[in-house]
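Here's the letter readout for the chains.
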Amino acid sequence: MGIATLAMCLCYATDVNSAPNTTPNKPTAAATAADTTTAADNAKDAKLAAAADSAGITEAATDTVSSLDAEEITPEESGGFHRVLKQKFVEGGASFMSFVAIALVLGLAFCIERIIYLSLSEIDAKKFMKEIDAKIEAGDIEGAKTQCRETRGPVASICYQGLLRIDTSIEDIERSVAAYGTVQAANLEKGCSWITLFIAMAPSLGFLGTVIGMVMAFEQIQLAGDINPTIVAAGMKVALITTIFGIIVALILQLFYNYILSKVDHLTSQMEESAITLLDSILKYKK
């Protein structure tokens, strides 16, 4: 019986060992920790990617706004010179700088008037004198006078005065032409004295502003009781701005004045040459 019981125990043990293991394997602690770390890394990568995308969008938006701002500022900066000029004008003392501006405006008005007058006085003197000489040689004195009356400029006026006295002596004709030429030359230079006045006045006003600025600086120092660089700089700034504007006005007017003088010299030389040609033609006519 003991042997039978032992045999049954052995059989039971064999069956237990040979039976399949149907119990599921439970995950270990290490495996669980690894999975958790992997999930956390994936979540972190996703957050970084999202942040990068957001930063890229923000940067693109910033660039767009910057470009729009630049486009909006560019037209304003195109007129920046006028704003700076106006600001410097006010800083130099609007009440005092107005005199400099008036000198510029009046000087330019005289310059423009002279330029227009001299431009209208210019003609093709050589062609005109050839026509007058041909008519005098042909004996058509009245036709020559008519052409002189219908032609503008001092050259035609001188020739007309000479033709009016064609029946007198050549000495009288020469004196008449010379005297009338002096009158025409004076008419050409009419108003130039005012231009020279404004050319001299503009820098003088600038230097006067320099003195006024220095006086203002010393007055501020006296009131403050101390030599403060800021106080001195304010007065010196006014002084330098007025001087700069005065010199600029003088330079502008000087350029126009020299151009006017060149045109006056050109017309004067034309009058002299035409007078000599007219006298030669009249001498031929009288012979």
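Look up: the structure comes first, before these words.
Cut-offs applied
Residues numbered from 1 in each chain as written. Predicted model: local features only at pLDDT ≥ 70, side-chain atom pairs only at ≥ 80, totals over all residues. Heavy atoms only, no water. Helix = DSSP H or I, 4+ residues; strand = E, 2+ residues; numbered from the N terminus. Buried < 20%, exposed > 50% of the residue type's maximum accessible area, 1.4 Å probe, protein only. Axes fitted to C-alpha atoms, helices over the stretch in contact; angles between N-to-C directions. Parallel < 35°, antiparallel > 145°, perpendicular 65-115°, else oblique. Left-handed = near helix turned anticlockwise from the far one by under 90°. Contact = heavy atoms within 4.5 Å. Nonpolar A, V, L, I, M, F, W, Y, C, P; charged D, E, K, R; others polar. Patch = residues over 30% accessible without salt bridge, like charges linked within 9 Å, V, L, I, M, F, W, Y side chains within 5 Å. Areas by Shrake-Rupley, 256 points an atom, 1.4 Å probe, with all protein chains shown as cover. Salt bridge = Lys/Arg side-chain N within 4 Å of Asp/Glu carboxyl O. Disulfide = S-S within 2.5 Å. Phe/Tyr/Trp six-rings, centres within 6.5 Å; stacked < 30°, edge-to-face > 60°. Core = buried A, V, L, I, M, F, W, Y, C linked by side-chain atoms within 4.5 Å.

Tell me about the environment of Leu164, residues and numbers included.
Along the chain, the position of Leu164 falls in helix H7 (residues 154-164). For Leu164, a relative accessible area of 41% corresponds to the partly exposed category. Through-space distance from the C-alpha of Leu164 to that of Lys145 is 7.9 Å; in sequence the pair is 19 residues apart.

Tell me about the packing of helix H5 (residues 125-137) against H7, and name the residues and values.
Look at H5 against H7: their axes get within 11 Å of each other, and the N-to-C directions meet at 15°. Here H7 runs roughly parallel to H5, going by the angle between their axes. Our pair here, H5 against H7, has a crossing hand that is right-handed. Together, Phe128, Met129 and Ile136 of H5 and Val155, Ala156, Cys159 and Leu163 of H7 make up the contact between the two elements. Per-class residue counts for the contact of H5 with H7 are 7 nonpolar, no polar and no charged.

Quick rundown of a nonpolar patch on the surface? Include the residues and the values.
Together, Leu240, Ile244, Ile248, Ile252 and Phe256 make up a nonpolar patch on the protein surface, roughly 410 Å² of accessible area in all. As for its position among the elements, Ile252 is in helix H10 (residues 229-286).

Could you give an account of the state of the cysteines, naming the residues involved and the relevant values?
Applying the stated criterion to the full structure yields 0 disulfides. Take Cys111: it sits in no disulfide, and the sulfur closest to it among the cysteines is that of Cys192, at 8.3 Å. Overall, the relative accessible area of 0% leaves Cys111 in the buried class. The closest cysteine sulfur to the non-disulfide-bonded Cys159 is located on Cys148, 5.1 Å from its own sulfur.

Describe the packing of aromatic side chains, naming the residues involved and giving the relevant values.
For the structure shown, the criterion picks out 2 aromatic pairs. Plain terms: the ring middles of Phe110 and Trp194 are 6.0 Å apart, the flat faces sit at 10° to each other, and that makes the pair stacked. With a gap of 84 residues between them, Phe110 in helix H4 (residues 94-121) and Trp194 in helix H9 (residues 192-224) connect regions that are remote in the sequence. We classify Phe110 as partly exposed; its relative accessible area is 26%.

Tell me about the pattern of salt bridges, and name the residues and values.
What the rule picks out here adds up to 4 salt bridges. Lys263 is the partner of Glu122 in a salt bridge, and the nearest nitrogen-oxygen pair spans 3.2 Å. Of the two residues, Glu122 sits in the loop between H4 and H5 while Lys263 sits in helix H10, which places them 141 residues apart along the sequence. With a shortest N-O distance of 3.8 Å, Lys145 and Glu142 are connected by a salt bridge. Taken together, the residues span about one helical turn, with Lys145 and Glu142 both in helix H6 (residues 141-150) at a distance of 3 residues. Under the relative-accessibility criterion, Lys145 is labelled buried at 13%. Its relative accessible area of 51% is what places Glu142 among the exposed residues.

Please give an account of the environment of Ile136 that cites residues and values.
Tracing the chain through its elements places Ile136 in helix H5. Separated by 149 residues in the primary sequence, Ile136 and Tyr285 place their C-alpha atoms 6.6 Å from one another. Apart from residues lying up to four places away in sequence, Ile136 is in contact with Ile141, Ala144, Leu163, Leu278, Ser281 and Tyr285.

Go over the nonpolar core with me, naming the residues and quoting the values.
In this structure, Phe128, Ile132, Ile136, Leu163, Ile260 and Leu278 are the most contacted members of the largest nonpolar core, which totals 43 residues. Elements represented by at least two residues in this core include exactly H4, H5, H6, H7, helix H8 (170-188), H9 and H10. Residue contributions to this core peak at 14 residues, all from H10. Apart from residues lying up to four places away in sequence, Leu278 is in contact with Met129, Ile132, Ile136, Ile158, Cys159, Gly162, Leu163 and Val177.

Keep in mind these values describe shape, not function.
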